[in-house]
Amino acid sequence: MLNSYNKGKVFFGFFTFVVVITCLFPYVTLYSFGTDLQPWSICLIMIYSLVILFYHFYFPKVLLFLIIPFFTALFLLLVSNNFYDSIRSLLGYASVLFIPFAFYSILLRNKGVLFFSLKVSTIIYFIVALIQFFYDKYFFSFLLNRISTTDSRGVTSLTPEPTFYGLVCLFLILIFLSLEIKNRNIYALLLVFQILFLAQSSMVTLFLFIFLGYYFLSKMKVKNFFFLLLFSFVLFFSFFYLKEFNLDSRGVRIFEILSMVLKSPMNILMLDASINDRASAIYFSLKGFLDNYFLPNGFGEYANYVGWELPQQNVFPPDSTRIRIMSYYGGVFFELGFYGLFIPLSYMLCMVKAYKYSWRKFFLYFGFINTILFSAIPLTFTFVGIYIACLLYKGERSL
């Protein structure tokens, strides 16, 4: 018979496994709350965090900076007139604080559970995506709030959209590369395959090329870097001479697009609504951050701000998305003001600890993660916090 101590240990181990699974499949639910990312993961994470804090598990110093944005968000909730949006935002900042803390604890106490779950989840996402690709794109849709795809787009696996599926795969790659997991390169290659051939997300494919760009820069010698910089300047100024050629008269679509971009670079925003929405979210959120003198704008104010700003400019079309901020850092800076700067500061310190013996790797991962976090990644996206926890664990193990 198990004594009470062993029973508690078994129960806590099972609870840890449930927490990990809900965070690795954040879109899956049997009951939908009307949102893509379900609240199960953050609710369980907060319970888990309270339990380990009760048993005197210390809070890592570099994560203490994340307490400031959380309490700022809590204060803004109390003074906000938009309760629903405020609760959603508060849950986002709770995710930013508690997910790295909880998963750092899991890595120290039960890393085998996380390592096993990472491998299994990679395979599950892959199998479901294969079934959708060859049989039915809406396979397992009953487990999700919605599925949005078309015959010309990729599959979604256990996420609502191909882009979200691609983001899950991308962060799983980063997590595998940050941990000493057996056969991690094989799993990383399998995830790259899923991005390119199953999810087929143009945004995440672009992120892969950005990663390669940072990778080659990190391997480059200083002398070669200056040559690349010189070449970039020459290429940039050569575009002004190309303006003189009537490229759109050639009757080739790529020339027409190139001609449009050369005559007015911002016309690229008119070619694709999703590009426009993402670009406008970054622009208006950062502009709002600056216009308010780095002070918090609060929750639910973005729509009013964009509604006021759109008629006063001629870059973004009037139908640009104004309901929510489609940018991780953009949303943080707009809502919290300079208090939001503690989030990238904490992330930077975790990377410094993880790659303190290799400035090239620090440049690679610091540049990449801070680039993509300006994109349309939700605050409640659990994989960001898991990745930060892995970096913190990596830094602690290398001491």
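That block above? That's the structure.
The following paragraphs examine the structure supplied in this document. Quick caveat: nothing in here was measured; it's all calculated off a predicted structure. (Residues numbered from 1 in each chain as written. Predicted model: local features only at pLDDT ≥ 70, side-chain atom pairs only at ≥ 80, totals over all residues. Heavy atoms only, no water.)

Scanning the entire structure with this criterion turns up six salt bridges. Across the salt bridge formed by Lys353 and Glu396, the nearest N and O atoms sit 3.5 Å from each other. With a gap of 43 residues between them, Lys353 in helix α14 (residues 342–354) and Glu396 in helix α16 (residues 382–397) connect regions that are remote in the sequence. Given a relative accessible area of 22%, Lys353 falls into the partly exposed group. Sharing partners across several salt bridges, the network here consists of Asp36, Arg146 and Glu161. (Salt bridge = Lys/Arg side-chain N within 4 Å of Asp/Glu carboxyl O. Helix = DSSP H or I, 4+ residues; strand = E, 2+ residues; numbered from the N terminus. Buried < 20%, exposed > 50% of the residue type's maximum accessible area, 1.4 Å probe, protein only.)

Two measures describe an aromatic ring pair: the distance that separates the ring centres and the angle between the ring planes. Enumeration according to the criterion identifies 34 aromatic pairs in this entry. With a centroid separation of 6.4 Å and 25 degrees between ring planes, the pair formed by Tyr125 and Tyr165 is classed as stacked. In this pair, Tyr125 sits in helix α4 (residues 83–134) while Tyr165 sits in helix α5 (residues 162–178), placing the two residues 40 residues apart along the sequence. Each member of the pair, Tyr125 as well as Tyr165, is classed as buried. (Phe/Tyr/Trp six-rings, centres within 6.5 Å; stacked < 30°, edge-to-face > 60°.)

As a further point, take the environment of Asp291. Position of Asp291 relative to the elements: it lies in helix α11 (residues 273–291). For the pair Asp291 and Phe334, spaced 43 residues apart in sequence, the C-alpha to C-alpha distance is 9.8 Å. Asp291 has contacts with Tyr305 and Glu309, leaving out every residue within four places of it along the chain. (Contact = heavy atoms within 4.5 Å.)

Glancing now at α4. Compared with an ideal rise of 1.5 Å per residue, which puts 52 residues at 76 Å, α4 spans 44 Å between its outermost C-alpha atoms and falls more than 12% short. The sharpest bend along α4 measures roughly 110 degrees and falls at Asn110. (Expected span 1.5 Å × (residues − 1). Bend = angle between axes of the 7 residues up to and from the residue.)

Our next topic: the nonpolar core. One finds Phe103 and Phe171 to be the most contacted residues of the largest nonpolar core, which totals 105 residues. Ignoring sequence-local partners within four residues, the contact set of Phe103 consists of Val20, Cys23, Ile45, Leu114, Ile386 and Ala389. Judged by nonpolar contacts, the second largest core, of 11 residues, contains Leu310, Phe316, Ile325 and Met326. (Core = buried A, V, L, I, M, F, W, Y, C linked by side-chain atoms within 4.5 Å.)

Quick look at the packing of α5 against helix α15 (residues 359–372) now. Relative to each other, α5 and α15 sit at 155 degrees, their axes nearing to 13 Å. It follows from the interaxial angle that α5 and α15 lie roughly antiparallel. Considering how the two elements wind past one another, α5 and α15 form a crossing that is left-handed. Counting all contacts with α5, which are made through Leu170, Phe171, Leu174 and Leu177, the residues of α15 involved are Tyr365, Phe368, Ile369 and Ile372. (Axes fitted to C-alpha atoms, helices over the stretch in contact; angles between N-to-C directions. Parallel < 35°, antiparallel > 145°, perpendicular 65-115°, else oblique. Left-handed = near helix turned anticlockwise from the far one by under 90°.)

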